[in-house]
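Descriptive structure summary
If you want the building blocks of each chain, they are given just below.
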Amino acid sequence: MVTDNIVVVTGAGSGIGKAAALAFATQGDKVIAADLDLAAAKRTAECFPDSVFAMRVDIADRKTVDQLRDRVRSEVGIPNVLVNAAGWDRTEKFLNATTEFAERVVAINYLGPVHMCSAFLPGMIEAGNGGRVVNVASDAGRVGSSGESIYAGAKGGVIALTKSLAREMARHAINVNCVCPGPTDTPLFHAQADKLKDALIKAIPFRRLARPEEVAAPIVFFASEAASFITGQVISVSGGLTMAG
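In this text the structure is predicted, and so the values were computed from the model without any measurement. (Residues numbered from 1 in each chain as written. Predicted model: local features only at pLDDT ≥ 70, side-chain atom pairs only at ≥ 80, totals over all residues. Heavy atoms only, no water.)

Section: the sheet that holds strand E3 (residues 52–56)
On the basis of which strands lie adjacent, the open sheet formed by seven strands has the order E3-E2-E1-E4-E5-E6-E7 and parallel pairing. Edge positions in the open sheet fall to E3 and strand E7 (234–237), since each of these has one partner strand only. With strand direction ignored, the average angle separating the axes of adjacent strands in the sheet is 20°. The sheet contact formed by strand E4 (residues 81–84) and strand E5 (residues 131–136) spans four bridges and is parallel. When the bridges of E5 are listed, Leu82 appears paired with Val133. Across the sheet, helix H1 (residues 15–26) touches strand E1 (6–10), strand E2 (30–35), E3, E4 and strand E6 (174–181), and the angle it forms with E1 is around 170°. Contacts between helix H4 (residues 99–127) and the sheet are confined to E1, E4, E5 and E6, with E4 contributing the most and set at about 175° to the helix. (Pairing = 2+ DSSP bridges. Helix = DSSP H or I, 4+ residues; strand = E, 2+ residues; numbered from the N terminus. Axes fitted to C-alpha atoms, helices over the stretch in contact; angles between N-to-C directions. Contact = heavy atoms within 4.5 Å.)

Below you can see the structure in the form of structure tokens.
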């Protein structure tokens, strides 16, 4: 099946972003697999060479975000779906965190989605056909996480950004929703200390990590017609680890 959807997915070189990009491609969408690591994005695109286009972006750098927007518009078209899945963190006690570390966490995890939405939403509005934005935050942003205070704060900001943008974009028939993963089988998770990884897995009622594909599923749902009357919502995918109200 071929659709009219043009989907931009950041962080599409690995983990949740890659799983989301492939899920969209599987249903016939054109997908821009955007990642800081262009080689990784190209490996994602190789799975669907006719419909997935690998492009480099540094979401923390507004200049490269604008370059991505212009390239997508000229080579593929105006996207109607934006998935902000790129993120980065390192477990670090708050009192040990340097200013440089804090600024990098915020630049990637909060300002990155801000830059992407600011760059791509005007095109969606101009096209006049509505659209979908799906932000990938984290359950750390809903309930907190020891050793991830700055990351949790940034992801909490993404949740608030989602809700506020949903209010502003409703008049343009653009839905904005948020998926909050818990511990997931991604390179970011496996970069953590073994002791922390084991503790997190034991705390999950299902006693296992989420698979990236399991997080990609609600991302694709929020971008679908089935979610046409859903906006400003946050869903956790954590195997029961967090049950926030």
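Considering the layout of surface pockets
Its volume calculated, the second largest pocket comes out at about 160 Å³. Forming the walls of the second largest pocket are 14 residues, and the residues nearest its centre are Asn5, Asn80, Arg132, Ala223 and Glu225. Classifying every residue of the lining of the second largest pocket by side-chain character gives five nonpolar, seven polar and two charged. (1 Å grid on protein atoms, 1.4 Å probe; cavity = no way out; pocket = protein on both sides within 12 Å on 5 of 7 lines; lining within 4 Å. Points joined across faces, edges and corners; volume = space filled by probe spheres on them. Nonpolar A, V, L, I, M, F, W, Y, C, P; charged D, E, K, R; others polar.)

Remarks on helix H3 (residues 62–75)
With 14 residues, H3 extends 20 Å between its outermost C-alpha atoms, agreeing within 8% with the 20 Å of an ideal straight helix rising 1.5 Å per residue. If you check which residues of H3 are buried, you get Thr64, Val65, Leu68, Arg69 and Val72. Taken down its axis, H3 places every buried residue within 150° of arc, on the same side. Of the exposed residues in H3, those oriented more than 90 degrees away from the buried face are Lys63 and Ser74. Looking at the buried side of H3, the elements it contacts are E1, E2, E3 and H4. The N-cap of H3, judged by a side-chain oxygen 3.0 Å from the amide nitrogen of Lys63 a few residues on, is Asp61. (Expected span 1.5 Å × (residues − 1). Buried < 20%, exposed > 50% of the residue type's maximum accessible area, 1.4 Å probe, protein only. Arc of directions from axis to C-beta. Polar contact = N/O pair within 3.5 Å; in protein donor to acceptor, adjacent residues only side chain to side chain.)

A few points about the packing of H1 against helix H9 (residues 212–222)
For the pair H1 and H9, interaxial distance at closest approach is 8 Å and the crossing angle is 55°. Compared by their axis directions, H1 and H9 come out oblique. Crossing geometry of H1 relative to H9 is assigned as right-handed. Residue-level contacts link Gly15, Ile16, Ala19, Ala20, Ala23 and Phe24 of H1 to Pro212, Glu213, Val215, Ala216, Ile219 and Val220 of H9. (Parallel < 35°, antiparallel > 145°, perpendicular 65-115°, else oblique. Left-handed = near helix turned anticlockwise from the far one by under 90°.)

Digging into the side chain of Arg132
Relative to the elements of secondary structure, Arg132 occurs in strand E5. The class for Arg132 is buried, based on a relative accessible area of 8%. A polar contact of 3.2 Å, which involves the side chain of Arg132, links it to the side chain of Asn175. Excluding residues that lie within four positions of it along the chain, Arg132 makes contacts with Asn80, Val81, Leu82, Met124, Ile174, Asn175, Phe222, Ala223, Ser224, Glu225, Ala227 and Ser228.

Overview of the nonpolar core
In terms of nonpolar packing, the biggest core is built from 34 residues, with Ile32, Leu68, Leu82, Met116, Phe120, Leu121 and Val133 touching the most fellow members. When residues of this core are traced back to their parent elements, those giving at least two are E1, E2, H3, H4, helix H6 (149–169) and E6. The element best represented in this core is H4, accounting for nine residues. Leu82 has contacts with Val8, Met116, Cys117, Phe120, Met124, Arg132, Val133 and Val134, leaving out every residue within four places of it along the chain. Listed in part, the 30 residues of the second largest apolar core include Ile16, Val134, Phe222 and Ala227. (Core = buried A, V, L, I, M, F, W, Y, C linked by side-chain atoms within 4.5 Å.)

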